[in-house]
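# Residue-level structural notes
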Amino acid sequence: QVQLVESGGGQVQAGGSLRLSCAASGGTFRNFAMGWFRQAPGKEREFVAALSWSGGTTHHADAVKGRFTISRDNAKNTVYLQMNSLKPEDTAVYYCAARYGTSANAYYTQQYNYWGQGTQVTVSS
């Protein structure tokens, strides 16, 4: 059973930066493609970014493209989400997710097998 634990969330002013981390355990990390999703109050969980098992291929949602960057360190069993130029509309609970397979082409929650508990990101104006 794979376990994912997010960290790095918090409160920041608009224009600021945060780096989220997601530590994985209980499985062979390089067997999984990884993703980040977020869920704001009253809204559905939405795709933020995904990357392949090697980290060589990444996809970012249009809303975050150019501001957020997903990456991974397979030696540390960790995936990251660097968030720059944060906006109030980025406020949400951010979730790390893992899926069996190597491709980064996964944009829907049902494509992922394991989820973390989430970390709150709050951006004030």
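Reading the values: rules and limits
Residues numbered from 1 in each chain as written. Predicted model: local features only at pLDDT ≥ 70, side-chain atom pairs only at ≥ 80, totals over all residues. Heavy atoms only, no water. Salt bridge = Lys/Arg side-chain N within 4 Å of Asp/Glu carboxyl O. Buried < 20%, exposed > 50% of the residue type's maximum accessible area, 1.4 Å probe, protein only. Helix = DSSP H or I, 4+ residues; strand = E, 2+ residues; numbered from the N terminus.

In this structure the tally under the stated criterion is four salt bridges. Of the charged contacts in the structure, one is a salt bridge between Arg38 and Glu46, with a shortest N-O distance of 2.6 Å. By relative accessible area, which is 7% here, Arg38 ends up buried. A salt bridge links Asp90 to Arg67; the shortest N-O distance between them is 2.7 Å. One end of the pair, Asp90, is in the loop between β8 (78-83) and β9 (92-100); the other, Arg67, is in the loop between β6 (58-60) and β7 (68-73), with 23 residues separating them in the sequence. For the pair formed by Asp90 and Arg67, the shared burial category is buried. Shared partners join several salt bridges into a network, and the residues in it are Arg38, Glu46, Arg67 and Asp90.

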